[in-house]
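The lines below spell out each chain.
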Amino acid sequence: MESDRLKSEHSMDLDGFFDNLYVLLKAAWGEDWGVFSMNKPNLTDGRDVKMPQIVYTIPKIGPGSRGTHKEIKPRLREKFQEINQLTGETGWVEIYGKILDCQVDFIVYAENNRDANLITKRFRQLLDAYKGLLMKKGMQNLWYLQESDRNPRESSEEMISARTISYLVRIEELSYVEINSIK
């Protein structure tokens, strides 16, 4: 019998990865720990900016490896028959998948440098602790790349305490193609 820990229950794309992280943060740190978003803090609102915040960006996405080869185009993963919900007719469905390696940067904003460092450390530890759960949910793999000071691409004139953590996230994008609908 094959080990259950080697199998994922689903496939996970980037949206699924971020959705799972959002739920994980709420479950592990509580409902009111802070903000997890793709939108950086807006300082024009004055002092009403909720801190801490973890903002994610995706600087690079490229072909991932499947075995010893880069997967540069989608490959057929599965083919089966299914009843079309609209027509009621049985038709063939093909599932195509492509492995992608994505650099994901998490920028941790906080009220001061000490808090930014502490939250950054807690976030790294959270990803280390729950990497297996994310893999079971469909993420292919996750590698820590680096941590650095404030996001250098940020255009804000007011300096905000921030740290950037970079990860390489391997995911699989799936495409669902109904063969009869193409004809």
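Our structure's up above, just so we're on the same page.
Residues numbered from 1 in each chain as written. Predicted model: local features only at pLDDT ≥ 70, side-chain atom pairs only at ≥ 80, totals over all residues. Heavy atoms only, no water.

S.K.: So what about the pattern of salt bridges? Which residues, and what values?
M.R.: Under the criterion given, the structure shown has 8 salt bridges. The closest approach of N and O atoms between Glu 94 and Lys 79, which form a salt bridge, is 3.7 Å. Of this pair, Glu 94 sits in strand 6 (residues 90-110) while Lys 79 is found in strand 5 (residues 75-83), placing the two residues 15 residues apart along the sequence. According to the relative accessible area criterion, Lys 79 is partly exposed, its value standing at 46%. For Arg 163, the salt bridge identified is with Asp 149, shortest N-O distance 3.8 Å. Placement of Arg 163 in strand 8 (residues 161-178) and of Asp 149 in the loop between strand 7 (141-148) and strand 8 is noted, with a sequence separation of 14 residues between them. With relative accessibility at 18%, the residue Arg 163 sits in the buried group. (Salt bridge = Lys/Arg side-chain N within 4 Å of Asp/Glu carboxyl O. Helix = DSSP H or I, 4+ residues; strand = E, 2+ residues; numbered from the N terminus. Buried < 20%, exposed > 50% of the residue type's maximum accessible area, 1.4 Å probe, protein only.)

S.K.: Describe the nonpolar core, with residues and values.
M.R.: By size, the foremost hydrophobic cluster in this structure holds 30 residues, and its most contacted members are Phe 17, Leu 21, Phe 36, Ile 54, Phe 106 and Phe 123. Within the residue set of this core, elements represented by two or more residues are helix 1 (14-29), strand 2 (53-63), strand 6, helix 2 (113-136) and strand 8. Counting 7 residues, the second-largest nonpolar core is a separate cluster that includes Met 51, Ile 107, Tyr 109 and Ile 160. (Core = buried A, V, L, I, M, F, W, Y, C linked by side-chain atoms within 4.5 Å.)

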